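Given next are the chains, with one letter for each unit.
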Amino acid sequence: MAAVFTLALLGGLLGLGLAIASEVLAVEQDPRIMGVKERLPNLDCGACGYPSCEAFAEAIVTGEVKKVTLCKPGKNSNYNAIIQYLKEHPDEDGTIITLEK
Ligand code: SF4
């Protein structure tokens, strides 16, 4: 009985530790990355040169990529939706990310 109680207590403490660590060590991600990703085809095909649509979206938001048409499966509607989204969601300092087609 003592072993069960000890294991349950240990499990609870470790779970609490993980919960606290996930809050303290969390890395804040720019919410625009998910906003751009939602407007990509989400095929994760790698044709853009990035391993996933999320990685491509992050490259767009960080300014590493300027040509949205690198996403070959994307269509004009995807490109326009991403360009419009970024116009409506500038940086904290008001800078708008501009993309080429
Ligand atoms: S080419 Fe487009 S669909 Fe394929 S991984 Fe890149 S962003 Fe995603």
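Read on for a plain summary of the structure. The residue numbering used here restarts from 1 in each chain and proceeds along that chain's sequence as written. With pLDDT at 70 or above as the cut-off, local features in this predicted model cover only qualifying residues; side-chain atom pairs require 80 or more to be listed or tallied, and sums for whole chains, interfaces and linings still use all residues.

## What to know about the overall build of the protein
Our working rule: Note on conventions: DSSP H or I runs of at least 4 residues are helices, E runs of at least 2 residues are strands, and numbering of each starts at the N terminus. Atoms counted for the radius of gyration: C-alpha only. Globule rule: 2.2 Å times residue count to the power 0.38. Counting other C-beta atoms within 10 Å of each residue's C-beta, where C-beta atoms are placed from the backbone, gives the exposure class: buried for 20 or more, exposed for 12 or fewer, partly exposed between. Residue pairs are scored as contacts if the distance between their C-beta atoms, which are placed from the backbone, is within 7 Å.
Across its full length, the protein carries 4 helices and 0 strands. Taking 101 residues into account, the globule formula puts the C-alpha radius of gyration at 13 Å, and the protein, at 20 Å, lies well above it. Expressed as lengths along the three principal axes of its C-alpha atoms, the size of the protein is roughly 65 × 35 × 20 Å. The 101 residues of the protein split such that 16% are buried. For the protein, the proportion of contacts with a sequence separation of at least 24, taken over those separated by at least 6, is 54%.

## Structural notes on the packing of helix α2 (residues 31–39) against helix α4 (residues 76–88)
To describe two helices that pack against each other, one gives the angle between their axes and the distance between the axes. Stated precisely, the cut-off is as follows: Convention adopted: a line fitted to C-alpha atoms gives each axis, helices being fitted over their contacting stretch, and angles between N-to-C directions are expressed from 0 to 180 degrees. Angles below 35 degrees are treated as roughly parallel, those above 145 as roughly antiparallel, those between 65 and 115 as roughly perpendicular, and all remaining angles as oblique. Each helix crossing is assigned a hand: it is left-handed if the near helix lies turned anticlockwise from the far helix by less than a right angle, otherwise right-handed if that turn is clockwise. Charged residues are taken to be Asp, Glu, Lys and Arg, nonpolar residues to be Ala, Val, Leu, Ile, Met, Phe, Trp, Tyr, Cys and Pro, and polar residues to be all remaining types, Gly included.
Put simply, α2 and α4 touch, their axes get as near as 9 Å, and they point 160° apart. Our classification of the angle between α2 and α4 gives roughly antiparallel. Like other packed secondary-structure pairs, α2 and α4 cross with a definite hand, here right-handed. Along the contact surface, α2 presents Arg32, Gly35, Val36 and Arg39, while α4 presents Asn78, Ala81, Ile82, Tyr85 and Leu86. For the contact of α2 with α4, the residue count by class is 5 nonpolar, 2 polar and 2 charged.

## What about the site of the ligand?
The line we're drawing: Residue proximity rests on one test: whether the C-beta atom, placed from the backbone, lies within 6 Å of the molecule or strand.
Neighbouring residues of the ligand: 16 residues in total, closest Cys45, Ala47, Cys48, Cys53 and Cys71. By residue class, the composition of the shell around the ligand is 11 nonpolar, 3 polar and 2 charged.

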